[in-house]
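# Descriptive analysis of the structure
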Amino acid sequence: MPHFDPFYADKLRGARGVADADSVLDLRLSTRDAAERAVADLVAAAGTGKPRSVAVRLAAPIPGAGETAFQPVGRALLEAKKAGVVESLAPLPGPDGLGFFVQLGGGPAQ
């Protein structure tokens, strides 16, 4: 963002990134609809096993291309956090690009 000093912008980003995650969900080449479905599948499967962390990577916006997957994916993850499926949710650190670090709570194995 042009109005943020890089020092303060880094404070808004998360501390845990791709290297810290148990797995990576790379949606950088996915369409918005495919990204939303992938996150819905991730959330649906979250309560069926052990707790784990996932780095969700998203494509950077392209000028003039319209809305990216960032907002709908972020909304879906936030709703899952409110529902208790996601334990924590934070943006990825700057060097890892656009996306989220998600800690899934897990649940009883089926």
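### Here we look at the pairing of strand E4 (residues 99-104)
Summarising burial for E4: 6 of the 6 residues are buried, a large majority. A two-sided burial pattern is seen for E4, the buried positions comprising Gly99, Phe101 and Gln103 on one face and Phe100, Val102 and Leu104 on the other. Both strand E2 (residues 52-57) and E4 contribute to a ladder of 6 bridges, which runs antiparallel. Its bridge partner being in E4, valine 56 is matched across the sheet by phenylalanine 100.

### Considering the pattern of salt bridges
A side chain of one charge can pair with a side chain of the opposite charge when the charged atoms of the two come close. Summed over all chains, the structure comprises 3 salt bridges. For arginine 32, the salt bridge identified is with glutamate 36, shortest N-O distance 3.5 Å. Taken together, the residues span about one helical turn, with arginine 32 and glutamate 36 both in helix H2 (residues 32-45) at a distance of 4 residues. Ionic pairing is found between glutamate 79 and lysine 82, a salt bridge with its closest N-O pair at 3.7 Å. Here glutamate 79 and its partner lysine 82 are both found in helix H3 (residues 70-82), 3 residues apart, which amounts to about one turn of the helix. Exposure remark for lysine 82: the relative accessible area of 61% places this residue in the exposed category.

Conventions used here
Residue positions are counted from 1 within each chain, in the order its sequence is given. The predicted nature of this model means local features are confined to residues of pLDDT at least 70 and side-chain atom pairs, given and counted, to a pLDDT of 80 or more, with totals for whole chains, interfaces and linings taken over all residues. Where side-chain values are given, they derive from all heavy atoms of the structure, hydrogens and water being excluded. Exposure is judged per residue with a 1.4 Å probe applied to protein chains only, and the accessible area is read against the type maximum: over 50% gives exposed, under 20% gives buried, and values in between give partly exposed. Under the scheme used here, helices are H or I runs from DSSP no shorter than 4 residues and strands are E runs no shorter than 2 residues, and both carry numbers assigned from the N terminus. DSSP bridges decide pairing: two strands pair if at least two such bridges lie between them. The salt bridge definition used is simple: a Lys or Arg side-chain nitrogen within 4 Å of an Asp or Glu carboxyl oxygen.

Everything listed here is a matter of coordinates, which is why it stays silent on function.
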